Amino acid sequence: MCFSAGNILTTHVGSLPQPPGLDTGKKRIVAVRDVVARQREIGLDIVNEGEYTKGGDWLSYVDGRFSGFSERAQPAAGKPMKRPLILQGKDREEFADFYAYATERGTLFYAPGNQIRPKRPHYVCTGPITYQAHANVEREIETLTKHAGTTDVFLTSTAPASLEVYYGNEYYKSDEEYLFAFAEALRAEYEAIANAGDPGSRSSRRSNRR
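Calculation rules
- Residue indices begin from 1 for each chain and proceed along its sequence in written order.
- Local features in this predicted model are restricted to residues whose pLDDT is 70 or higher, and side-chain atom pairs enter the listing and the counts only when it is 80 or higher, whereas totals over whole chains, interfaces and linings include all residues.
- For side-chain calculations, the full set of non-hydrogen atoms in the structure is used, while hydrogens and water are omitted.
- In this text, helices come from DSSP runs of H or I with a minimum length of four residues, and strands from runs of E with a minimum of two, each type numbered from the N-terminal end.
- Contact definition: two residues touch when any of their heavy atoms are within 4.5 Å.
- For the accessible areas, the method is Shrake-Rupley and the probe is 1.4 Å, while residue cover comes only from the protein chains on display.
- Any Lys or Arg side-chain nitrogen located within 4 Å of an Asp or Glu carboxyl oxygen qualifies as a salt bridge.
- The classification of residues rests on relative accessible area computed with a 1.4 Å probe and restricted to protein chains. Under 20% of the type maximum is buried, over 50% is exposed, and intermediate values are partly exposed.
- To estimate how far a helix should reach, multiply one less than its number of residues by 1.5 Å.
- Here the bend at each residue means the angle between axes fitted to two seven-residue stretches, the one ending at that residue and the one beginning there.
- In this analysis an axis means a line fitted to C-alpha atoms, helices contributing only their contacting stretch, and an angle means the value between N-to-C directions, from 0 to 180 degrees.
- If an angle is under 35 degrees, it is roughly parallel; if it is over 145, roughly antiparallel; if it lies from 65 to 115, roughly perpendicular; otherwise it is oblique.
- Two helices that cross are described as forming a left-handed crossing if the nearer one is turned anticlockwise from the farther one by less than a right angle, and a right-handed crossing if clockwise.

**Some points on the overall build of the protein chain**
Looking only at helices and strands, one finds 7 helices and 3 strands in the protein chain. Helices and strands appear in the protein chain in the N-to-C order α-β-α-α-β-α-α-β-α-α. Of the contacts made within the protein chain by residues no fewer than 6 positions apart, 76% connect residues no fewer than 24 positions apart. Total accessible area on the protein chain stands at roughly 12,900 Å², and carbon and sulfur atoms take up 55% of it.

**Concerning the environment of D152**
Of note, D152 is situated in the loop between α4 (134-148) and α5 (160-164). Separated by 44 residues in sequence, D152 and A196 place their C-alpha atoms 9.7 Å apart.

**Structural notes on the pattern of salt bridges**
The final tally for this structure, using the stated rule, is 7 salt bridges. The closest approach of N and O atoms between K54 and E140, which form a salt bridge, is 3.9 Å. With K54 in the loop between α1 (25-42) and β1 (66-72) and E140 in helix α4, this pair connects stretches of sequence that are 86 residues apart. One salt bridge connects R187 with E184, and the closest N-O pair in it is separated by 2.5 Å. One end of the pair is R187 and the other is E184, both in helix α6 (residues 175-195) and 3 residues apart, which spans about a single turn. Looking at E184, the relative accessible area reads 46%, which means it is partly exposed. Residues joined by salt bridges that share partners form a network here, namely K54, R65, E140 and E189.

**Side note on α6**
Side chains of residues three or four places apart in an α-helix project in the same direction, reflecting 3.6 residues per turn. Spanning 21 residues, α6 covers 30 Å between terminal C-alpha atoms, matching the ideal 30 Å at 1.5 Å per step. Of all the bends in α6, the greatest measures close to 35° and is centred on L186. The set of residues buried in α6 consists of Y178, A181, F182, A185, L186, E189 and A192.

**Some words on the packing of α4 against α6**
Their axes nearest at 10 Å, the elements α4 and α6 cross at an angle of 25°. Between α4 and α6, the crossing angle belongs to the class labelled roughly parallel. You can see that α4 and α6 cross each other, and the crossing is right-handed. Across the interface between the two elements, H134, V137 and I141 from α4 touch A188, E189, A192 and I193 from α6.

Below, the structure is given as structure tokens:
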């Protein structure tokens, strides 16, 4: 943990513009090295890997990290279905032109390099949600800390409520139960990141998974 009595410590939001072509693990590792070095060069106190280990997409990186989901065909146009929360809200009425513009392009977000997918697979929860990507998050932690040379860094992870609105639910009895199941599954990722700076906790966590 970084502290300072005499200076305001600097950092950034987490996601940085992604260079093109981060389609292999080797290229992502090189990109992490370079972006960490650049943050150090400009004087940031607390750095991260720019979300490069996630392919630059804060949402789709979790695809495949959970059991309990089945991929389905996209709902047919005009077919009655529950509108996800992301498609509701007063702002969609007041800023209708912007949302129409974004819908035509398939995404509300923009980033250089087209790292954010304009179209996503349609996943539906059909069984208990469990986390199954411990090796992925450990690799992300190790890649960042290796190139940063310290554990005083940060690694982003998506909130349960940001994921829940993009995934259908056919298993849990209520939206609340579904959201809490997502949160419980994601706890493994959050704890891995939080404990990464404590070698004792990391060793204990690995032995408990055996």
